[in-house]
Structure formats: C-alpha cells, structure tokens
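Notes for the structure review
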Amino acid sequence: MSALIGRRRQLADAKRMLRHSRLVTLTGVGGVGKTKLAAGVADEVRRAFPDGVWLVELGALEGEGLLPQTVATALGLRDQSARDPTDLLCDHLRDARALLVLDNCEHILDSCAALTDHLLRAAPRLCVLATSRQPLGVYGESVLSVPALAVPEPHRALRPAAVGHYAAVRLFQRRAEEASPDFALGPENLETVVRLCRRLDGIPLAIELAAAQLRTLTPQELLRRLEERLELSPADTAADLPRHQTLRASIDWSFDLCSPGEQRLWARVSVFAGSCGLEAVEAVCSGDGIPEERVLDLVAGLVDKSVLIREEQDAQVRYRLLETIRQYGAERLAEAGEKPALQRRHRDWYHQLVDRAEADWLSPRQETWLTRLQSEHANLRTALEFCLSEPGQKQAGLEIASSLWFHWLCSGLLSEGRHWLGRALALAPQDTVARGKALWVDGWLSVLRGDTASALPQLEECRALALRLHDGPTLVHATQYLGGRALYEGDFQQAIGLLEEAVEGHRASGDRNGLMTALYQLTMACAMSGDPRAEDVGKECLDLCDQAHAPWSRSYALWALGLHLWRQGEPRRAAELLRDALTARRVVGDGWGIALCLEALAWTAASAGEAERGARLLGAAEVVWRSIGISQSGFRHMAAGHERTETRLRTDLGERRYAAAVRRGTKMGLDQAADWALYDSSAPAP
C-alpha cells in the first residue's frame, strides 16, 4: 500500500474510535480515499486483533444474496456445508478478537447493515470497520467523515517550503514526480499547482488523475483545461461546487483528455468486475471502432493516465478500474448504447473460458485453471447474474453454472455453486440437456455438503429427464451420482452396483472426466466395504490420472487407494499414498481434500501404534472440518473409520492423554498441521 498522505488525524481518530466502538464507518464522497484510509487503519491496529484482520472488498459484488459467502471466502472459510453461511461466520468469529473491514458498502447498504449487526451480536470481541458513502445505521455505530485533503486558502501568498503543510499539494507533487521525472515544484509553477489543488477541492482521486496528465501536458495547460471543464472563473473557488460535482467534473475532464479510442475502451472495460487480463480485454472490448491489435496500446495509455490500475497476480498482469472510475465508464457505456452488447460479449467470453477449462480439466493444467478461475471469480458472478436477469439468457446460465462444478468443489464454494444452480434451475424448467447436467451437478454438490436428502429428488429428476430425452451421457451421470449418494449414505452395495454401471457407460462414451470420478467413487465404495476389487479399480483410476498428468485428480486416486490399504491392514503403505495426496491438495488450497487426508492419516497412525500422533491428527482434522462448515461425523461412509480410530486411541492413551493430544492438534494451524502430517512418522513431533 502506498503511504497515506495527510491522514494522520483521521488515522488517530479511527484508532481511538475502534477502542471504544465495535463498529466504525468511514464515510465520504467517492474518491476521497476511504478505502486507503481503512487499509492504513487496519495495518496500524493489527496487533490489537490477534485472531485476524480481514479486508472484504464488496465493490464488485452486484447482488446482496452472496454477501455472507463473500465475507466467508475473505476469511478463508470453505463454504462447503449445508448450513447458512451467516451461521458459519458467527461460529467462526464467536470467540475471536478480530477486525473485519467491509469496503464499499453503499450499494448493498441494507444487507451490510443486517450482516454486521448479526455478527456483532454473535461475536462479542469482533470489531467492524466499514467504508461507505453513508452510515450503515446499526445501533452503536460510530461514524468518521473522511474529509478532502487540506488545500491552501485562496489569495494567500505561499513560499515553496510552506506548501508542504498542505496534503493536497504534497499528493499532487508525489504523483506528478511519478508521472514525469522532470517535474519539480518551484516558484515558476507553485501558484498553478496550488490553484489546481483548490479547483479539485483536495479530492485525492481527482488529484491523482490530474497529476497523471503531466506526462503530456504542463501544469499551466492542466489548469486551463480544468477551469474550462468546471466553468469557473479564475477568481472563484471549488467550494462553489459540491464535492461530488467537483469529482465528476474532474473525471469528465480526464475522459476528455483521452483519445477517442481510449475513451471507448474506458467505457467498455467497465463491463468487467474486479480485475481482468489483457486477453479478455482484447476479446470483449475490440471491434466496432477498436481494432484488436490496438487494444494493448490503448490499455497502456489508460494505465499512463491512472485510469486503469496495473497489478500482478500469480505472475500474470491484470488490470482494474477503481470503483468510482468504473461507475463512470458504465454510465458512458450506457449513453453510447453499447451496454447490452458488451454484457453479452463479456458473458460469451467467460462462457467459452469455462467450457475450455472443463474440457481441459483432466490435464497437467488443473492447477493453472483453478488459479485462473479463482482470479476471475467476480467476472464469473457478473456473467451468471447477466444470464439470470436478462430475458432469453437462462440456458447459458445453466451451462456456465454446471460447467463450473470443479471450481465450486476445489475452491470451497459449494454453497455458492448451489445458489447459482438453484436460481438457474428455477428460471429454466424446460427439458434440455443443460438442465440435466445442472441437476446432477446440483445433486452432487448437495451430497458433498452432507445434504443427501436434498440430493435425491435432483438426481431422480435428472434420471427421468435423461430417459425422456433419450440422452445417454446424462443418464450415465445420473446413475453415477445416485451411486455417489448411496456411498455417502453408507449403502456400499447399492453404490458399487450403480458406480460399476456408470464406469462402463463413461468408458463406452470416452468421457475421461466422468470415468475418472466414477472410478474414484467406486474405489472408495469397494474399500469401505472391504471389497478386494478396490485395488484394481484404484490402480486404473491412478493410471488414468498419471496418463493425463492431472495432479489434483491423482491426489484423489491416491487417497482412495490409501484408504483401501488401511482397510487391508497396511497402514504404513497407506500413509505414504496419503502424504502424496496431501502434498497435491495443499498446492490448490483444497480444504475438503486436506481434511480428508488429515483424517485418514490419523486412522493410519492409530493402526500403526502411533497413538499420540493419531490423536493430534484427529484434532487437526477437526479444525479443518469446522473451517469448511462440515461435521465429519455426518458422513455415514466415514463414520465407522472415525469411530474405530477414536475408540482405539482412547483405549491406547487413556481419556486424559487422548483429550490432551487432541487439544494440541486443534491448536496447530492448518499449515503447521499439514507440515507435520507430511513428515514420516519417525520424525519428531513439533
């Protein structure tokens, strides 16, 4: 974060208010610097909140329905349970001395207020710092109005040394020096710079946009053009305009200083939520006056003018608009009559991206696709919202939501996946192949959340629809996930019969993704029931993953084979496979998979006579299960293994030693627990 300029008093006031109030809201006009101030406050008070400080960016959130899930994701919670995400948040924060920073609340003010009030009541040591153009209106709220930066008074003679007392001038000077290395504040331009800062009313965003223009204009030219835009005489002051009008005029002025191509691109880029990559900008924003080969130059021009912010994420360059700038661009896009077309192109691009990711899923690029879709999550939400709110777009919404099955699963977004699928299924009831796929994906996500009862009608409807449409692939998937449901219900014989049928169906159609997942589930069912075929099925699944060089899928094949070896009385060989699986799952942050590995490694440790290790791993696994909102005991297919292990450990250690070891495990963080679990059992415990 760049250094705060001129905010010492507000920093001190906000810190003082947080000592006496559990909810502090920073208010002010757009562009005044609320977000940067909130980040600065959070950084300075971090030590006072030992259980965590989290920033939740809400500007890209278009609908209110996903607010709790968005907050949970920012906290690192894997929203995979069938519980209400607000309850999951309350449980996680109940005893936490923590600070939650909710940024850009104004467009979903009522929902932010309701959630904040709920969390503060449930978690008595929690504090919330919010930024909004107006207060949340929650009982006990303290409001700090964020002013514009100080500017010199009119008609006051100033020396260069004295202007350093005025934050607006200091900010202009710093940004001007970044934009133009030859710039120096001196007697020849001092009066001009001071007048510029007055005209811009000390609004940080307006000042930064103006200073960026020094790459091509002199300070005198900047002032003349700005005064023309504000339609003020040189003797007037910016106080004659409300600050929001001053900001609007300065953005208008920055827009006018852009070339026609840059103006058009600025408007079109506003269709993206959060950030976007150059490839997406070229695909969505080119055409109709912007040749694709010109997009890079236009992007560079907007970066130079501080309109687009350039960021690096995971060795990739991405671009974003500040929320005030994005809203302005969206208005321009609507005025040009291009908004519907750009929204469709945006949706089409992300539809194609999701289809490419799914088709390429069982490949060496699994981790790459997961990372990419996670970085595009805000844009995926925007594309889905467009599909489900515009006439005639519902089928595309079904297709996108269902093709993201691996994203919902691997990124810990089962609840959100069901949110989109539920909306799409309700809006598109017609018998289509897309609906069939959405039904089996929705059913499987329900199973993984421990809600097997809700899954049954979805999967039965999918099977009936497939029969009506005479669609073989949909029928195979319905059969497979009915088998998966039976597995999670603990009905292993029924599961084996259905999954064997699904394996043959996928094999016949050449569906490698379907074959891999069905083989994995069949291995689990055989292993859990003691069926010796588990080894051959598991090896076939592992071979398929190895041939595809698919690391995440391979980890699940290893886990299932490890389970089989444990059941066969070979805990040390099983632990080797489970540690390999855990390594792959850590790379992609697969909370569900990590929990499964820690749980199974506790079983192998207990069976190998390493009772202390097993109990500590059970404790660590319990923490991960809770973090994803799931009680492991609710899965019948794993209940027997868990109970058998717990009973053995209580017997081997005794109640007091067992309880103490579990407590030590619960105190290990996820990374520490995973690091320890990855060591061979002969390694000393931390």
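One can find the structure itself at the top, above this paragraph.
My aim in this report is to walk through the structure given alongside it, one point at a time. (Residues numbered from 1 in each chain as written. Predicted model: local features only at pLDDT ≥ 70, side-chain atom pairs only at ≥ 80, totals over all residues. Heavy atoms only, no water.)

1. A closer look at the overall build of the protein chain
- Within the protein chain one finds 33 helices and eight strands.
- For 686 residues, the compact-globule formula gives about 26 Å, and the C-alpha radius of gyration of the protein chain, at 29 Å, lands near that figure.
- For the protein chain, the spread of C-alpha atoms along the principal axes amounts to about 90 × 60 × 45 Å.
- Sorting the 686 residues of the protein chain into buried and exposed places 58% on the buried side.
- Taking the intrachain contacts of the protein chain between residues at least 6 apart in sequence as the baseline, contacts between residues at least 24 apart amount to 73%.
- Summed over its atoms, the accessible surface of the protein chain is roughly 27,800 Å², and 48% of this surface lies on carbon and sulfur atoms.
- Across the protein chain, 81 positive and 91 negative side-chain charges occur, with their mean positions spaced 5 Å apart. (Helix = DSSP H or I, 4+ residues; strand = E, 2+ residues; numbered from the N terminus. Rg over C-alpha atoms; globule rule 2.2 N^0.38 Å. Buried < 20%, exposed > 50% of the residue type's maximum accessible area, 1.4 Å probe, protein only. Contact = heavy atoms within 4.5 Å. Areas by Shrake-Rupley, 256 points an atom, 1.4 Å probe, with all protein chains shown as cover. Lys, Arg positive; Asp, Glu negative; His and termini not counted. Charge placed at Lys NZ, Arg CZ, Asp CG, Glu CD.)

2. Structural notes on the environment of Gly63
- Topologically, Gly63 is positioned in the loop between β2 (53-57) and α3 (67-74).
- Given a relative accessible area of 26%, Gly63 falls into the partly exposed group.
- In the structure, Gly63 is positioned 81 residues away from Leu144 in sequence and 27 Å away in space, judged by C-alpha atoms.

3. Thoughts on the sheet that holds strand β3 (residues 99-103)
- Overall, parallel pairing links the five strands, which are arranged β2-β3-β4-β1-β5 in an open sheet. Because the sheet does not close on itself, it has two edges, and the strands there are β2 and β5 (142-145). Each adjacent strand pair in this sheet contributes to an overall mean axis angle of 15 degrees, direction not counted.
- The sheet contact formed by β2 and β3 spans five bridges and is parallel. Its bridge partner being in β3, Glu57 is matched across the sheet by Asp103.
- Sheet contacts for helix α1 (residues 8-20): β1 (23-27), β3, β4 (127-132) and β5; angle to β5, the most-contacted strand, approximately 180 degrees.
- Along the sheet, helix α5 (residues 109-122) makes contact with β1, β3 and β4, crossing β4 at roughly 170 degrees. (Pairing = 2+ DSSP bridges. Axes fitted to C-alpha atoms, helices over the stretch in contact; angles between N-to-C directions.)

4. Here we look at the packing of helix α17 (residues 377-389) against helix α18 (residues 394-403)
- For the pair α17 and α18, interaxial distance at closest approach is 7 Å and the crossing angle is 145 degrees. For the pair α17 and α18, the sense of crossing is left-handed. On α18, the residues that touch Leu384, Cys387 and Leu388 of α17 are Lys394, Ala396, Gly397, Ile400 and Ala401.
- Partitioning the contact of α17 with α18 into residue classes produces six nonpolar, one polar and one charged. (Left-handed = near helix turned anticlockwise from the far one by under 90°. Nonpolar A, V, L, I, M, F, W, Y, C, P; charged D, E, K, R; others polar.)

5. Focus on helix α31 (residues 636-653)
- Relative to the 26 Å expected for 18 residues at 1.5 Å per residue, α31 spans 26 Å between its end C-alpha atoms, a close match to the ideal helical length.
- Of the positions making up α31, those classed as buried are His637, Met638, Ala639, Gly641, His642, Thr645, Leu649 and Leu653. (Expected span 1.5 Å × (residues − 1).)

6. Let's talk about unusual backbone geometry
- Backbone geometry places Ser306, a non-glycine residue, at a positive phi of 60 degrees.
- Structurally, Ser306 is set in the loop between α13 (295-304) and β7 (308-313).
- When its relative accessible area of 27% is taken as the criterion, Ser306 is described as partly exposed.
- Its identity is not glycine, yet His549 carries a phi of approximately 55 degrees, on the positive side.

Purely spatial values, then, with no claim about function.
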